[in-house]
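# Understanding the architecture of this molecule
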Amino acid sequence: MLTPAVDPLPTSTSYTYEVDGAGSTMLILQAILPVLFFPSEEKGVNEVVVTLGGGTNASFAPFSDYIELLLLPLLSRLCHLHASLEVVKRGFFPRGGGEVKVSVMKADKSWSGFKLEERGEVTSITLWVAAAGAKQEEVQEMEAAALALLKRDASVRKAVTKAKIARADTRRAPSKGSALLIVAETSTGCLLAGDALSGKEKQSGKQLGEAAAKSLLAQLRHGGCVDEHMQDQLLVYGALASSPSHILTGPLTDHTRTGIAVLTQLIPSLKVEVEKKGGTTNLIKLLPHSQ
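Attention here is on the structure that accompanies the text. (Residues numbered from 1 in each chain as written. Predicted model: local features only at pLDDT ≥ 70, side-chain atom pairs only at ≥ 80, totals over all residues. Heavy atoms only, no water.)

### Some details on the packing of helix 6 (residues 231–239) against helix 7 (residues 254–266)
Counted only if it meets this: Axis lines are fitted to C-alpha atoms, over the contacting stretch for helices. Their N-to-C directions set the angle, which ranges from 0 to 180 degrees. Secondary structure follows DSSP: runs of H or I at least 4 residues long count as helices, runs of E at least 2 residues long count as strands, and numbering of each begins at the N terminus. Roughly parallel refers to an angle under 35 degrees, roughly antiparallel to one over 145, roughly perpendicular to one between 65 and 115, and oblique to any angle outside these ranges. It is the rotation of the near helix from the far one that decides the hand of a crossing: anticlockwise by less than a right angle makes it left-handed, clockwise makes it right-handed. Here, residues are in contact when the closest pair of their heavy atoms is within 4.5 Å.
Remark: helix 6 packs on helix 7, axes separated minimally by 8 Å, with the N-to-C direction vectors making an angle of 20°. Comparing the axis directions of helix 6 and helix 7 gives the class roughly parallel. Handedness of the crossing formed by helix 6 with helix 7: right-handed. The residues of helix 7 that touch helix 6, namely those facing Gln 231, Asp 232, Leu 235, Val 236 and Ala 239, are His 255, Thr 256, Gly 259, Ile 260 and Leu 263.

Here it is as structure tokens:
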């Protein structure tokens, strides 16, 4: 049985955390973000600004772009929790050296549960490119390869014809590196993404582009409203809501299973149900103590 420690809520308006090398800044943000929405009332803090130093695009962790473009917009729309993220400097393996500033506004006392149950049709596709030290031809090859592969899939073909491309400023990045995040938005407001990141071994732009496209298509095939990386990130916000939340997902990840186990131990009154919806699709129901 887990025994949570009760530490003071944020009492300052600003905090700074540094990660050695290219360690993920976003894993730190994931851990502290729920707490940052509830700063100390005694100190009158209404906004907390956190500066994170280290890797912005790291392996086995969400990109800073993913948090900025998917998680934070979803929290704003679903829970009325407002935060913004700015990448001041990109940080790739091995040196890291990136910098991210996150501004978090104080939450209302509570928010209603949310329902993500209808996927809808994919209506827009956006490629978010961060390439430090890469040649222009390599970046264009990556973008073209991703779009070419996506066009072969009927479920996104129409959206791909009007796809947008955004390129991040990477001029200050201490290390070379390339990252591609492809975001799909649906007619019901669902946001799902696939990504690819250059590693220790040299990869062509074509390989990275196709890898990101395959990653997105894999997330879209299961029919859920969130991709595999968003499943566990939304759990805590559903658990803290004042009414039930439903999340339609694909196969449950180990992170999601662990998150459910931890939350139900930390919040004994929380009930979580997982309903099979056919194929590999599941509906996660978070039932807070008020029910």
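### Details of the sheet that holds strand 12 (residues 282–287)
Filter applied, for reference: Whether two strands pair depends on DSSP finding at least two bridges between them.
Here we have four strands laid out as an open sheet, ordered 5-10-12-11, and mixed in their pairing. Looking along the sheet, the strands with just one partner apiece sit at the ends: strand 5 (115–116) and strand 11 (271–276). Note that strand 5 and strand 10 (residues 245–249) share two bridges and pair parallel. Bridging from a neighbouring strand, Lys 115 pairs with His 246 of strand 10. Here helix 6 sits on the sheet and contacts strand 5, strand 10 and strand 12; the angle it forms with strand 12, its principal contact strand, is near 30°.

### What about the pairing of strand 8 (residues 177–186)?
Put simply, the rule is: Three labels apply to residues, based on accessible area from a 1.4 Å probe with only protein chains included: buried if under 20% of the type maximum, exposed if over 50%, partly exposed otherwise in between.
Among the 10 residues that make up strand 8, nine are buried, leaving the element largely enclosed by the rest of the structure. Looking at chain direction, strand 6 (residues 122–132) and strand 8 are connected through 10 bridges and run antiparallel. Bridge pairing in strand 8 places Ala 132 opposite Gly 177. Strand direction decides the pairing type here: strand 8 and strand 9 (residues 191–197), joined by seven bridges, are antiparallel. Following the sheet pairing, Leu 180 is matched in strand 9 by Ala 196.

### Details of unusual backbone geometry
In the segment running from Phe 93 into Pro 94, the intervening peptide bond is cis, with an omega of 5°. Inspection of the secondary structure puts Pro 94 in the loop between strand 3 (83–89) and strand 4 (98–105). Positive phi values are uncommon outside glycine, yet Phe 60 reaches one of about 60°.

Read these as layout, nothing more, since geometry by itself doesn't imply function.
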